[in-house]
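Summary of the model geometry
These are the residues of each chain, in order.
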Amino acid sequence: MPFVRNVPFFSIMLCMVCGISSAMLPGKIARRLTVMLSLAVAVMNAFLLAHLVSAGESYHYLMGHFEAPWGNELRAGPLEALLAVMMSVVLLLSALGGMRKMGEQVDGKKQNIVCTMLDLMLAATLSMLYTNDLFTGYVFIEIMTLGSCALIMSRQNGRTMVSAMRYMIMSLLGSGMVLIAIMLTYTLTGHLLMENIREAITALYASGQYRTPLTVTIGLFFVGLGIKSALFPFHTWLADAYGYSTPSASAVLSSIVSKAYILLLLKIFVRMVGMDVVRGLHLNDLLFGFGVIAMVMGSLSAMHSHDLRRMVAYSSVAQIGYLFAGMGLGIDAGLVAALYHLMVHSAAKSSLFISSSALADASQGSKRFSDLRGAGKRNPVAGVCFSISAMSLVGIPVLGGFVSKLYFSEAAFAYGGVHMWVLLLALVISTLLNVLYFMKTVITLYRVPQEGRLYEPANHGATATVAMCGFVALNLLMGILAQPIVTILRDGLGLFV
């Protein structure tokens, strides 16, 4: 076996080792270690991606000496490797962009713990991407839950404490549903490895046995992971958790943590259960319905926000709805559109949170729209970063959001019927609402400040400037390189099943 195929295992273990090490290091060194870890993981997985794309194959990595059905496995293909590169790059830029604010908002004695949590977030994301074992996925769900709560509380004020408590309650409710679903899956199939579960479920479905327990089990996976990924109407914890955390925490929670749960759900539906079974039980219609409603309701919630970061947080609900609607079509075109939009949203949402913090700093710390007038001129880099990310999510041509909405439209036409008209209508309504609140914000950033308002110059830091420039480049590349990215996603999805 080529040495490069050890990358999934080495990436996960390196994140775990760095997480343990960060807990024993001073905060400044721990922050640098997190940045170097993200860069190293991105480079390693980029080499693995190049290897798998050239070979045109996927492979299993045996963890230990026991083979299926008793052993634990990792599975890597072009799809997993591409997403691993994307997530590690986003975490790298998010850590860089919020490094200075972390030093200001987090107690100096606890900054190394925040870095430990960031390292564990990356480890959990990679594990959910690469694992072929259902229970291993659950273990890292819990690690990610605890790490997310620690990130929310790291700022330590009254709002973040309440937000973390609300997040913990909702997240544990979702985790409990997932655990019950895993227990039922093991009871029905006798397996925990996904491919073995797939064979058993296919046989059960063909025989007509246990249709109701099977439907309930898949539904529990959907609801449990839907709660954890902030799907409407399970999103009530989201605005406070994202709005009052540190910039790095908000960026990671919105762009990596929520996406990891969605990717695990996609793996469960596509690889473990099989989309034929999902469609046969009409559970894809459940995903589609929730996704379409979220596309509209999330945008409406964002429109009624008077706080910049809460508006950005509520817009995540709408974008997550896109992902579930694409998955709910249950066809390859919808899955590819959802996966590409997942990458676009990860790049855009993290950059919105990082640039929002810099824009607020340029407005005497205020996040209210009335105080943000002219902030784009006071901090040009943050203004450009926010504007490009917002235009990407709106769907301006050349940027990634335009391409993803184009692929969603193609998937709708490919599916046909009522679903086509419902999805196209939701796309139109959601896009118009996106234009209203995102473009209104961009215009506000470049309007003349109100008379009598004086703003002191804010020191934004070199690392934040570098990170925002990196996010600008990432958002542009997502649109410019859309075709090769979609090709890898489509080919990887073919090997993913």
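The structure this text deals with has already been given above.
Presented here is a report on the structure given in the accompanying data block. (Residues numbered from 1 in each chain as written. Predicted model: local features only at pLDDT ≥ 70, side-chain atom pairs only at ≥ 80, totals over all residues. Heavy atoms only, no water.)

1. Side note on the overall build of the protein
Of the regular secondary structure elements, the protein holds 21 helices and 2 strands. Of all intrachain contacts in the protein linking residues separated by at least 6 positions in sequence, the fraction that spans at least 24 positions is 81%. Roughly 18000 Å² of accessible area belongs to the protein as shown, and the carbon and sulfur atoms make up 69% of that amount. Of the side-chain charges in the protein, 32 are positive and 22 negative, and the distance between the mean point of each set is 11 Å. (Helix = DSSP H or I, 4+ residues; strand = E, 2+ residues; numbered from the N terminus. Contact = heavy atoms within 4.5 Å. Areas by Shrake-Rupley, 256 points an atom, 1.4 Å probe, with all protein chains shown as cover. Lys, Arg positive; Asp, Glu negative; His and termini not counted. Charge placed at Lys NZ, Arg CZ, Asp CG, Glu CD.)

2. Side note on helix H6 (residues 134–153)
Helix length check: H6, at 20 residues, gives a terminal C-alpha distance of 29 Å against a target of 28 Å (1.5 Å per residue), a fit within 8%. Among the 20 residues in H6, 14 count as buried, and that is most of the element. Measuring from the backbone nitrogen of Phe135 back to the side-chain oxygen at the start of H6 gives 3.1 Å, which picks out Asp133 as the cap. (Expected span 1.5 Å × (residues − 1). Buried < 20%, exposed > 50% of the residue type's maximum accessible area, 1.4 Å probe, protein only. Polar contact = N/O pair within 3.5 Å; in protein donor to acceptor, adjacent residues only side chain to side chain.)

3. Quick look at the packing of helix H5 (residues 111–130) against helix H11 (residues 247–273)
One way to put it is that H5 packs onto H11 with a least axis distance of 9 Å and a crossing angle of 20°. Between H5 and H11, the angle is such that the two are roughly parallel. Here H5 runs over H11; the crossing is left-handed. Contacts between H5 and H11 involve Leu118, Met121, Thr125, Met128, Leu129 and Tyr130 from the first element and Val252, Ile256, Val257, Ala260, Tyr261, Leu263, Leu264 and Lys267 from the second. Looking at the contact of H5 with H11, its residues break down into 12 nonpolar, 1 polar and 1 charged. (Axes fitted to C-alpha atoms, helices over the stretch in contact; angles between N-to-C directions. Parallel < 35°, antiparallel > 145°, perpendicular 65-115°, else oblique. Left-handed = near helix turned anticlockwise from the far one by under 90°. Nonpolar A, V, L, I, M, F, W, Y, C, P; charged D, E, K, R; others polar.)

4. Considering the environment of Met117
Mapped onto the elements, Met117 comes out in helix H5. Judged by its relative accessible area of 14%, Met117 is buried. Counting along the chain gives 347 residues from Met117 to Ala464, while the straight-line C-alpha distance between them is 20 Å. With residues up to four places along the chain from it excluded, the contact list for Met117 reads Gly147, Ala150 and Leu151.

5. A look at the packing of aromatic side chains
Using the criterion set out here, one finds 9 aromatic pairs in the structure. Ring centres of Phe234 and Phe290 lie 6.1 Å apart, and the angle between their planes is 20°; on these two criteria the pair is classed as stacked. Placement of Phe234 in the loop between helix H9 (211–228) and helix H10 (238–243) and of Phe290 in helix H13 (residues 283–303) is noted, with a sequence separation of 56 residues between them. Overall, Phe290 belongs to the partly exposed group, its relative accessible area being 24%. (Phe/Tyr/Trp six-rings, centres within 6.5 Å; stacked < 30°, edge-to-face > 60°.)

6. A few points about the pairing of strand E2 (residues 72–76)
Most of E2 is tucked away: 4 of the 5 residues are buried. Sheet topology note: the strand E1 (residues 59–63)/E2 ladder contains 5 bridges and is antiparallel. By the bridge assignment, Leu62 is partnered in E2 with Glu73. (Pairing = 2+ DSSP bridges.)

7. Structural notes on the pattern of salt bridges
Counted by the stated rule, this structure contains 4 salt bridges. For Arg75, the salt bridge is made with Glu80, and the minimal N-O distance between the two is 2.7 Å. Accessibility classification places Arg75 together with Glu80 in one group, the buried group. Linking Asp276 and Arg279 is a salt bridge whose minimum nitrogen-to-oxygen distance equals 2.5 Å. Of the two residues, Asp276 and Arg279 both sit in helix H12 (residues 275–280), 3 residues apart, roughly one turn of that helix. (Salt bridge = Lys/Arg side-chain N within 4 Å of Asp/Glu carboxyl O.)

8. Side note on the side chain of Thr145
Along the polypeptide, Thr145 turns up in helix H6. There is a polar contact of 2.9 Å between the side chain of Thr145 and the backbone oxygen of Ile141. Residues in contact with Thr145, not counting those within four places in the same chain, are Tyr167, Met168, Ser171, Ser175, Lys228 and Tyr261.

9. Thoughts on unusual backbone geometry
In the segment running from Phe232 into Pro233, the intervening peptide bond is cis, with an omega of 10°. Position of Pro233 relative to the elements: it lies in the loop between H9 and H10. Within the chain, His282 stands out as a residue other than glycine whose phi angle is a positive 60°. Checked against the element boundaries, His282 lands in the loop between H12 and H13.

10. Concerning a nonpolar patch on the surface
The grouping of Ile293, Met297, Leu300, Met303 and Leu436 at the surface amounts to a nonpolar patch, some 390 Å² of accessible area in total. Here the nonpolar patch takes 4 residues from H13, the largest share from any one element. Tracing the chain through its elements places Leu300 in helix H13. Judged by relative accessible area, which is 31%, Leu300 ranks as partly exposed. (Patch = residues over 30% accessible without salt bridge, like charges linked within 9 Å, V, L, I, M, F, W, Y side chains within 5 Å.)

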